[in-house]
Amino acid sequence: MQQITYRSGITKVQFITELLKDPDRKSMLKIFYEFTYLMIVLKAFPGHYFSRYLFKKGKTNIRNYFPWKFLYGMKSYFNNKEVREVLENKLYFDFFYNQFSLNLPKILMFNHRKVFVIAGRSFEVKNNEDFKVVLKDLFKTNSQSESMIVKKTYWSYGGDKVFKIYEDQLDKNPDLIDQLYSVIIKSGYLFQDVVKQHPEMNKLNSSCLNTIRFDTYTDQTGEVDVISGYLRMSYRNSHVDNISSGGLMVGINIQTGKLKKEGFSNLKDAGVKVFTEHPVTKTVFLDFIIPYFSQAKDLVRRAASLMPDLRLVGWDVAIGESGPVLIEGNSDYENTGNDLAEGGYGSNDIFMNKVLPEYRILKNGKRKQPKKVFIKDV
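If you're wondering where the values come from, they're calculated on a predicted model, not measured in any experiment. Sequence order as written defines residue numbering, which begins from 1 separately in each chain. A pLDDT threshold of at least 70 governs which residues receive local features in this predicted model, and a stricter bar of 80 or more applies before side-chain atom pairs are shown or counted, although totals over entire chains, interfaces and linings include all residues. As a rule here, side-chain values come from all non-hydrogen atoms in the structure, and water together with hydrogens is ignored.

How should I be thinking about the overall build of the protein chain in this particular structure?
Scanning the protein chain from terminus to terminus reveals 14 helices and 12 strands. The globule rule used here is 2.2 Å times the number of residues to the 0.38 power, and the radius of gyration it is set against is calculated over C-alpha atoms. Here the C-alpha radius of gyration of the protein chain, 22 Å, is about what a compact globule of 378 residues would show, namely 21 Å. Referenced to the eigenvectors of the C-alpha coordinate spread, the extents of the protein chain come out at roughly 65 × 50 × 35 Å. Exposure classes here rest on a 1.4 Å probe applied to the protein chains alone. A residue is buried below 20% of its type maximum, exposed above 50%, and partly exposed in between. Expressed as a percentage of the 378 residues in the protein chain, the buried residues total 55%. Contacts: residue pairs with any heavy atoms within 4.5 Å of one another. Pairs at least 24 apart in sequence give 68% of the contacts found in the protein chain among residues at least 6 apart. Charge assignment in this entry is limited to Lys and Arg as positive and Asp and Glu as negative, and neither His nor the chain termini are counted. Each charge is placed at NZ for Lys, CZ for Arg, CG for Asp and CD for Glu. With 55 positive and 42 negative side-chain charges, the protein chain shows a separation of 6 Å between the mean positions of the two kinds. A helix here means a DSSP run of H or I that spans at least four residues, while a strand means a run of E at least two residues long, and both kinds are numbered starting from the N terminus.

Here's what the structure looks like:
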């Protein structure tokens, strides 16, 4: 098992120092002018000026990007809180979407505190030694698996509480297994079989499951649009791909399935650096073709059409050896990443011509979660 560690990140002073030394930044006068302009126009502190790298040369369309507070607030007008558990509880997610024969990771075991369930049989695991016996039996039963993913069931984000354990660690590193037991008995966790990633995706980074973050919009007639997408991967040798956990994101041309030129990480981790290739594998991003991309879009369209009143959703999709795999959906997803990947949602036709106009209508009418949604082809 690889522990998830969190960097404290660079300090504000370090960031300012990096910014001043950055040869790709705009002039400080230009930065000050644009920052002040956005503050006046938006009537708020424009922190996204830095998180969207608008201080970089070539970023001329600064009004195309939306502040975090604005994007965060939109989702409650499209997603009914009464049905959000279908997405936010990963066990419910599996139960719901499995009935429609969507391609999902296989759940080998799950727990709530000390009660564990395998293949319809529930039992109590009283201590860490019993836990090791259960894991050994689980690996033996699933002999094709040498590792498994352990992830929190309820409301987890950003790679938090995600572990990867290997069969040989049960004997070689029992202290880590003891530590895992002490964590999972405090809540609920899923134990999933590891998705075997497509060889092409391994060229980017084979240490983690690289996932596509799509966001979809379902209009009030039930028509589903894929708004945008970007690829997430670790820029270290880590099993977690999320940006907030030391990951790297690269925008995708939603029509062709090819990666865009630039990759971004968290400012607190990578500072002002922009990537054009993976720092470990050296694979160049520009025009890298994602296999099964069209099928991946079809998969999220299908998933989005199946749950009424969840109309603005972020989906995580892996590319397996034989096709796309739906990892999870999020009703409260971090859509600022899609804003960055798109070069600003202001340049996205679906967002500007469909999502934003309806949001303004719903907001002005002060009515969250529309009452009627017609769902097609269920």
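How should the nonpolar core be read in this particular structure?
What is meant by a nonpolar core is a set of buried Ala, Val, Leu, Ile, Met, Phe, Trp, Tyr and Cys residues, joined one to another through side-chain atoms within 4.5 Å. Membership of the largest hydrophobic core comes to 41 residues, with the highest contact counts inside it found for Tyr 97, Phe 214, Leu 259, Trp 315 and Leu 326. For this core, the elements supplying multiple residues, two or more each, are helix H5 (85-88), helix H6 (90-98), strand E7 (211-218), strand E8 (224-234), strand E9 (247-252), helix H12 (293-305) and strand E11 (312-320). It is H12 that contributes the most residues to this core, 6 residues altogether. Counting 24 residues, the second-largest nonpolar core is a separate cluster that includes Leu 108, Ile 165, Leu 180 and Ile 185.

Quick question: what am I supposed to make of the confidence of the model for the protein chain here?
Any segment with low pLDDT has predicted coordinates that should not be analysed in fine detail. Looking at the protein chain, the pLDDT average stands at 90 and 90% of residues meet or exceed 70. Taken together, the stretch residues 1-8 has pLDDT below 50 and engages in 27 contacts with residues farther than four places along the chain or on a different chain. Confidence of the predictor in every single residue is expressed as pLDDT, which spans 0 to 100.

Please clarify how a nonpolar patch on the surface should be interpreted in this entry.
The patch calculation keeps residues exceeding 30% relative accessible area without a salt bridge and links them within 9 Å when they carry like charges or within 5 Å when they are nonpolar (Val, Leu, Ile, Met, Phe, Trp, Tyr). Each accessible area value is a Shrake-Rupley result obtained with a 1.4 Å probe; residue values ignore everything except the protein chains displayed when judging cover. A carboxyl oxygen of Asp or Glu within 4 Å of a side-chain nitrogen of Lys or Arg is what we treat as a salt bridge. A cluster of nonpolar side chains, contributed by Tyr 33, Tyr 37, Val 41 and Leu 42, occupies part of the molecular surface with about 340 Å² of accessible area. You can see Tyr 33 is positioned in helix H2 (residues 28-42). Owing to a relative accessible area of 53%, Tyr 33 belongs among the exposed residues under this scheme.

Which parts of the structure should I look at to understand the packing of aromatic side chains?
For any pair of aromatic rings, the description consists of the separation of the ring centres together with the inter-plane angle of the planes. Stacked, tilted and edge-to-face are the three classes applied to pairs of Phe, Tyr and Trp rings, where Trp contributes its six-membered ring and a pair requires centres within 6.5 Å; stacked means planes under 30 degrees apart, edge-to-face means over 60, and tilted covers the rest. With the rule as written, the count across this model stands at 28 aromatic pairs. With 5.3 Å between their ring centres and 65 degrees between their planes, Phe 96 and Phe 100 make a pair best called edge-to-face. What makes Phe 96 buried here is its relative accessible area of 18%. Judged by its relative accessible area of 22%, Phe 100 is partly exposed. Arranged with centres 6.3 Å apart and planes meeting at 65 degrees, the rings of Phe 131 and Phe 191 form a pair that is edge-to-face. With Phe 131 in helix H7 (residues 128-141) and Phe 191 in strand E6 (residues 188-193), this residue pair connects regions lying 60 residues apart in the sequence. Considered together, Phe 131 and Phe 191 belong to a single accessibility category, that of buried residues. Grouping aromatic residues by their ring pairs yields a cluster made of Phe 15, Phe 35, Phe 45, Tyr 49, Phe 50, Tyr 53, Phe 55 and Phe 264. If you follow Lys 75 out to its NZ or CZ, it ends over the ring of Tyr 333, 5.4 Å from the centre. In this scheme, the term charge over a ring applies when either NZ of a lysine or CZ of an arginine sits within 6 Å of the ring centre and within 35 degrees of the ring normal. A cation over an aromatic ring shows up here: Lys 273 above the ring of Phe 275, its NZ or CZ 5.2 Å from the ring centre.

Looking at this structure, how should I read unusual backbone geometry?
In most cases, non-glycine residues show a negative phi, while peptide bonds are predominantly trans. In this structure, Ser 101 is a non-glycine residue whose phi angle is positive, near 60 degrees. The backbone of Asp 287 sits at a positive phi, close to 70 degrees, despite the residue not being glycine. For Asp 287, the position within the fold is in the loop between helix H11 (267-270) and H12. A residue is classified by how much of its surface remains accessible, and Asp 287, at 45% relative accessible area, is partly exposed.

Before we go on, may I ask you to explain empty space enclosed by the protein in this structure?
Cavity: a set of points on a 1 Å grid over the protein atoms alone where a 1.4 Å probe fits but cannot get out. Pocket: an open set with protein on both sides within 12 Å along at least five of seven lines, its lining residues, like those of a cavity, having an atom within 4 Å of a point. Grid points are joined across faces, edges and corners, and a volume is the space filled by probe spheres set on the points. Counting across every chain of the model gives 1 cavity of 30 Å³ or more. Considering the residues around the largest cavity, the lining is formed by Lys 90, Phe 93, Asp 94, Leu 104, Pro 105, Ile 107, Leu 190, Gln 192, Ile 327 and Glu 328. Elements represented by at least two residues in the lining of the largest cavity include exactly H6, E6 and strand E12 (323-330). With 3 residues, the top contributor of residues to the lining of the largest cavity is H6. Think of it as three bins: nonpolar holds Ala, Val, Leu, Ile, Met, Phe, Trp, Tyr, Cys and Pro, charged holds Asp, Glu, Lys and Arg, and polar takes everything else, Gly as well. When grouped by side-chain class, the residues that make up the lining of the largest cavity number 6 nonpolar, 1 polar and 3 charged.

For this particular structure, what's the right way to read the sheet that holds E8?
Strand pairing within a sheet occurs via backbone hydrogen bonds; the two strands may be parallel or antiparallel. Any two strands with at least two DSSP-identified bridges between them are counted as paired. Across the sheet, which stays open at both edges, the 6 strands sit in the order E10-E9-E8-E7-E11-E12 with antiparallel pairing between neighbours. Each edge of the sheet is formed by a strand with only one pairing partner; in this case those strands are strand E10 (259-264) and E12. If you compare each strand with its neighbour and ignore which way they point, the axes differ by 30 degrees on average. Examined bridge by bridge, E7 and E8 share 8 bridges and lie antiparallel to one another. Residue pairing in the sheet places Arg 213 in a bridge with Tyr 230 of E8. H6 contacts E11 and E12 of the sheet and is inclined by roughly 130 degrees relative to E12. Whenever a helix is involved, its axis is fitted only over the stretch in contact; in every case the axis is a line through C-alpha atoms, and angles between N-to-C directions fall within 0 to 180 degrees. Against the sheet, H12 touches E7, E8, E9, E11 and E12, its axis set at about 45 degrees to E7.

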